[in-house]
Amino acid sequence: MSKLTVSPSPHIKSGQTTKKIMWAVIISLVPAGIAGVYIYGISSLNVIILSILSCTFTEALFLKFRNRDPKTILDGSAILTGLLLAYNLPPQMPFWIPIVGGVVSIILGKQIFGGLGQNIFNPALVGRAFLQISWPVYMTTWKNPRWWPDAVSSATPLAKEVSSHFSYTDLFLGNHAGSLGEVCVIALLIGALFLLFTKIISLHIPLSFIGTVGVITWIFGKEGFFKGDFIFNMLAGGIILGAFFMATDYVTSPLTKKGKIIFGIGCGALTAIIRLRGGYPEGVCYSILFMNAAVPIIDRFTKTRKYGFARKSPSAITF
Amino acid sequence: MASMNFIHPTDFKDIARNKKIELAPIPEKVILPLSQHLGAPSEPVVNTGDSVKTGSLIAQAKGFISSNLHSSISGKVIAVEESPHPIAGSSKAIIIESDGQDIKAYLDLVSTKDISSLSKEEVITLIKEAGIVGLGGAMFPLSVKLSPPPAKKIDSLIINGAECEPFLTCDHRLMLEKPKEIILGAQLIAKVLGVEDITIGIEENKLDAIESLNSALFRFKAKGFKVVSLKTRYPQGGEKQLIKTLFNKEVPSGGLPLDIGIVVNNVQTVFAVYEAVYLRKPLYERVITISGSFSNIAKNILVRIGTPIKDILDYCGLSPKLDIYKIVMGGPMTGVAQSDLNAPIIKGTSGILVMDNRFKLGDEELECIRCSRCIEACPVGLMPCMIGLSSKKEKFDIANSYDPSDCIECGSCSFVCPSNIPLVQLIKLAKVKIKTWS
């Protein structure tokens, strides 16, 4: 008889793996990428390719420095970071911007914390925030859809003075200037449905995030109360991409359902505040980063209810 | 009250579901470990060279939580020594060589008294003498379980026919083939506990077993019984989980079902009670399932306790030429992988699974990505990843703050973990470390 394997129980597994999850998220983002490239022209594909290559190469280099198996690169996490970073960038920019963004995302966003699973902040958003602060002009030079007469330098719908020019249909289809991967809401929702259907993400974060933005912008969006254009605010900018694909990042979001809802509400509230009162027209990126920082404390106060533990009245918080 | 988490693994029960219970041949030799129950090992009452009959007492309970042990064949004691044990690796055992006669010791005991006139104490004594332990796998001495402190009023008896572990079908077959005996056994236990209501919980992947019990109940006009069909999900056969699904009650953390007036017994245990009281037969054989990758060897068989695994697999026709990857005693979720096939079947053995390379779990362990699948799978509502990762970093104080001691070790967290982190093992480690502190 051949040699018997001895391993701890269980002896069967669900079959879901980290690698499969990463690749499923990458696949779910493909429709939005195709839409972006279709809307802004084939040249915007360069941004995606450069960003992915930069992230992958940096990750490979770091894995080598840390004496890790270079095959780990195939787990797909670096490719996903590159893809998400590109989706957060304007469709046309100097070639070195996505490269720098990718390097920063992987090094400052992920590897200095110890690599996969250890980072506090969403790596792609770290990269994007860095680029936004360092080269604000390139990061806000938008491109119009290629069928528009004036090709370059339009404002996004969230720039306050132009918001009234866009119909909901335009917003839904992505017929306006904006970041590469965030414009086409319908394409993003197709991907999001796939992730929900395969149970890779749950609705806790996206619903509470988008819902909170809707409620706050409805109440406080215009002079007087309950007059704001909440549908516009729930569709425009990076909110769909942010709520379904970035805020749901496992590593940088809370563990429990309760925690996820709190996290989503926090992201939504910060986004709405930045949009309505802040200096930036868009707040999704920063609100997620701020809430990422709050995850450890959210986790601490949203432990699960255990079987057989009588519900206790909340005791004094001790530090 | 919060709902409970479950997982839904493929049940693989079609492999052995339709195999009638067969009698396994009497082995040439049996290895009977002194530890096949929870509590103190039993104390041998025979010496090397002694002749024994099938059912003779060979070791007796030592202390309150312990159990008697009987010979499962007739023959001669050839040694009392360290021998392979399917769970502990090795332990002291009584080894008996068969004389091929299978002369029964208990046939001499003619039941003179009518069963219904037996007192509660007499029934408990018969159960205790027969060496019955929980046959669902926990192996807790039954007589202890049936003697709750007088302050505890028991008002419900649950018969556990959930059999939620994939592959296993021995309880299912027993419910199909011996419904009458199970009902009679359950009535005895109910009598001992002074309980009127008996609930039999069976998962709906065994509809024929539900029907079998219901029709037997109808035929014998048995009162007080209720057969409940349960959704098929794991680990519903866990005592505390079954109580929650049936009665929506929770056993307090660190407590026992009797703390809320409930006693749960597996169907095989109930069957053993029937045999011990009606036939005065000690527990020396049980039904197990042989299943796994090779459907040609699949069987449900009545085997003598102490039969080496090797003998059973030979009988089932397992060819040594096959590419066998792993042999597991018990179900695939909580069973123990075997390295030595000389290890015997013990009282708590529910099956032997022979697995080939299709069950290779080859992927290496990755970092936790905090996907929270383990949290959504944990039937106790724990946060396995937090215990597991703290335990891995040897931060047992942090691990302890997530209540590892409430873990029932069902394996659901490891089953769902996409990063292949051995969460159950890490939690077990935390439990041991924390226990040694206090």
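Residues numbered from 1 in each chain as written. Chains lettered and ligands numbered in written order. Predicted model: local features only at pLDDT ≥ 70, side-chain atom pairs only at ≥ 80, totals over all residues.

Q: For this particular structure, what's the right way to read the overall build of chain B?
A: Secondary structure assignment for chain B yields 13 helices and 17 strands. Since a compact globule built from 438 residues should have a radius of gyration of about 22 Å, the 21 Å found for chain B is in line with a globular shape. When the backbone C-alpha atoms are referred to their principal axes, chain B occupies close to 65 × 50 × 45 Å. In chain B, buried positions account for 57% of the 438 residues. At a minimum sequence separation of 6, the contacts of chain B that also span at least 24 residues come to 73%. (Helix = DSSP H or I, 4+ residues; strand = E, 2+ residues; numbered from the N terminus. Rg over C-alpha atoms; globule rule 2.2 N^0.38 Å. Buried ≥ 20, exposed ≤ 12 C-beta atoms within 10 Å, placed from the backbone. Contact = placed C-beta atoms within 7 Å.)

Q: Just to check I follow, could you spell out the overall build of chain A for this structure?
A: Each helix and strand counted, chain A has 13 helices and zero strands in total. Helices (α) and strands (β) of chain A occur, in sequence order from the N terminus, as α-α-α-α-α-α-α-α-α-α-α-α-α. The C-alpha atoms of chain A give a radius of gyration of 21 Å, which matches the 20 Å a tight globule of 319 residues would have. Along the first, second and third principal axes, the C-alpha atoms of chain A reach 75 × 50 × 35 Å. The buried share among the 319 residues of chain A stands at 49%. Counted over contacts in chain A with a minimum sequence separation of 6, partners at least 24 positions apart contribute 71%.

Q: Just to check I follow, could you spell out the environment of lysine 3 of chain A for this structure?
A: Looking at where lysine 3 of chain A falls in the secondary structure, it is placed in the segment before helix H1 (18–40). Sequence separation between lysine 3 of chain A and alanine 293 of chain A is 290 residues; the distance between their C-alpha atoms is 49 Å.

Q: Explanation requested: unusual backbone geometry in the structure shown.
A: Working note: non-glycine residues mostly have negative phi, and peptide bonds are mostly trans. Cis geometry is found at the peptide bond from serine 9 of chain A to proline 10 of chain A, where omega equals 0°. Mapping proline 10 of chain A onto the fold places it in the segment before H1. For the peptide bond that leads from tyrosine 234 of chain B to proline 235 of chain B, omega is -5°, which places it in the cis range. With respect to the helices, strands and loops of the structure, proline 235 of chain B is situated in the loop between strand E11 (225–230) and helix H6 (239–247).

Q: Looking at this model, I keep getting lost on helix H5 (residues 207–219) of chain B. Mind explaining?
A: Note that an α-helix has 3.6 residues per turn; residues three or four places apart therefore point the same way. Residue and element names in this part refer to chain B. In this model H5 runs 18 Å from its N-terminal to its C-terminal C-alpha over 13 residues, within 8% of the 18 Å that 1.5 Å per residue would give. Listed in full, the buried residues belonging to H5 are Ala209, Ile210, Ser212, Leu213, Ala216 and Leu217. All buried residues of H5 project into a common sector of 160° when viewed along the axis, lining one side. Residues Leu207, Ser215, Phe218 and Arg219 are exposed on H5 and point more than 90 degrees away from its buried face. Where the residues of H5 are buried, they touch strand E9 (156–161), helix H3 (170–177), helix H4 (179–193), strand E10 (197–203) and E11. Phi turns positive one or two residues past the end of H5, at lysine 221, with a value near 50°. (Expected span 1.5 Å × (residues − 1). Arc of directions from axis to C-beta.)

Q: Quick question: what am I supposed to make of the pairing of E11 of chain B here?
A: Each regular strand carries side chains that alternate between the two faces of the sheet. All names here are of chain B. Examined bridge by bridge, E10 and E11 share six bridges and lie parallel to one another. Across the sheet, isoleucine 198 pairs through a bridge with phenylalanine 225, a residue of E11. In this fold, the crossover linking E10 to E11 by way of H5 has right-handed handedness. (Pairing = 2+ DSSP bridges. Right-handed = clockwise from strand over helix to strand, strands pointing away.)

Q: Explanation requested: the sheet that holds strand E14 (residues 299–304) of chain B in the structure shown.
A: Sheet strands associate in pairs through backbone hydrogen bonding, adopting either a parallel or an antiparallel arrangement. Residues and elements named next belong to chain B. Strand order in the open sheet formed by six strands is E1-E14-E13-E17-E15-E16, and the pairing between neighbours is mixed. If you trace the sheet from one side to the other, it starts and ends with strand E1 (21–23) and strand E16 (336–337), each paired once. In terms of strand pairing, strand E13 (residues 285–292) meets strand E17 (residues 351–355) through four bridges, oriented parallel. From the neighbouring strand, isoleucine 290 faces E17, where its bridge partner is isoleucine 352. Each of E13, E14 and E17 is contacted by helix H8 (residues 309–316), which is oriented at about 70° to E17, the strand it contacts most. (Axes fitted to C-alpha atoms, helices over the stretch in contact; angles between N-to-C directions.)

Q: Could you clarify how one ought to interpret the packing of H4 of chain B against H5 of chain B in this entry?
A: Two numbers describe a pair of packed helices, the interaxial angle and the distance between the axes. Residues and elements named next belong to chain B. Closest axis-to-axis distance for the H4/H5 pair is 9 Å, and the angle between their directions is 65°. Considering their axes alone, H4 and H5 lie roughly perpendicular with respect to each other. The interaxial crossing formed by H4 with H5 has right-handed handedness. Here H4 contributes Pro179, Lys180 and Ile183 to the contact with H5, which in turn contributes Ser212, Leu213, Ala216 and Leu217. Split by residue class, the contact of H4 with H5 holds five nonpolar, one polar and one charged. (Parallel < 35°, antiparallel > 145°, perpendicular 65-115°, else oblique. Left-handed = near helix turned anticlockwise from the far one by under 90°. Nonpolar A, V, L, I, M, F, W, Y, C, P; charged D, E, K, R; others polar.)

Q: What's the story with the interface of chain B and chain A in this structure? I'm lost.
A: Think of interface size as the accessible area that goes away when the parts come together; that is how it is often given. Counting residues at the interface gives 51 residues for chain B, matched by 32 residues for chain A. In terms of residue class, the side of chain B that touches chain A is built from 31 nonpolar, eleven polar and nine charged.

Q: Whenever I open this one, the domain arrangement of chain B confuses me. Can you help?
A: Residue and element names in this part refer to chain B. In terms of domains, chain B is made up of domain 1 (27–98), domain 2 (132–278), domain 3 (285–359) and domain 4 (373–437). Relative to domain 3, the C-alpha centre of domain 2 lies at a distance of 25 Å. In this complex, domain 2 contributes 14 residues to the contact, which on the side of domain 3 involves 17 residues. A per-element tally of the side of domain 2 that touches domain 3 places H3 first, with three residues. Residues that form the side of domain 2 that touches domain 3 fall into these classes: nine nonpolar, three polar and two charged. (Domains from an automatic or database assignment.)

Q: Mind showing me how you'd approach the nonpolar core here?
A: Nonpolar side chains tend to gather and get buried jointly when the protein is soluble and globular. Core analysis: the largest hydrophobic core is formed by 140 residues, its most contacted members being Ile189, Val273 and Ile352 of chain B. When residues of this core are assigned to their parent elements, the largest contribution, nine residues, is made by H4 of chain B. Residue contacts for valine 273 of chain B: discarding those within four places in its chain leaves Ile127, Ile132, Gly185, Leu188 and Ile189 of chain B. Membership of the second largest hydrophobic core comes to 72 residues, among which are Cys55, Ile79, Ile216 and Met291 of chain A. (Core = buried A, V, L, I, M, F, W, Y, C linked by C-beta atoms within 7 Å.)

Q: I would appreciate a short explanation of the confidence of the model for chain B in the present structure.
A: It should be kept in mind that the predicted coordinates are not to be read in detail where pLDDT is low. The predicted model of chain B has a mean per-residue pLDDT of 93, with 98% of residues at 70 or higher. Reported for the predicted complex are a pTM of 0.93 and an ipTM of 0.91. (pLDDT = per-residue confidence, 0-100.)

Q: Looking at this structure, I do not really get the packing of H3 of chain B against helix H7 (residues 267–278) of chain B. What am I missing?
A: Residues and elements named next belong to chain B. The geometry of H3 relative to H7 is characterised by a closest axis approach of 9 Å and an angle of 45° between their N-to-C directions. Between H3 and H7, the crossing angle belongs to the class labelled oblique. For the pair H3 and H7, the contacting residues are Asp171, Leu174 and Met175 in the first and Val267, Gln268 and Phe271 in the second. Class assignment of the residues belonging to the contact of H3 with H7 gives a composition of four nonpolar, one polar and one charged.

Q: Is there a simple way to think about the sheet that holds E11 of chain B in this case?
A: Residues and elements named next belong to chain B. What the four strands build is an open sheet, ordered E11-E10-E9-E12; its pairing is parallel. Single-partner strands in this sheet number two, and they are E11 and strand E12 (262–266). On average, each strand axis in the sheet is tilted by 25° relative to the strand beside it, whichever way the strands run. Relative to E12, E9 runs parallel, the two sharing five bridges. The residue of E12 that forms the bridge with asparagine 160 is asparagine 266.

Q: It is not clear to me how the pairing of E10 of chain B should be interpreted in this structure. Could you clarify?
A: Residue and element names in this part refer to chain B. The element E10 is largely enclosed, with a buried count of six among its seven residues. Summarising the sheet, E9 and E10 pair through six bridges and their orientation is parallel. By the bridge assignment, isoleucine 158 is partnered in E10 with threonine 199.

Q: Which parts of the structure should I look at to understand the environment of arginine 358 of chain B?
A: Inspection of the secondary structure assignment puts arginine 358 of chain B in the loop between E17 and helix H9 (373–377). For the pair formed by arginine 358 of chain B and serine 293 of chain B, sequence separation is 65 residues and the distance between their alpha carbons is 8.0 Å.

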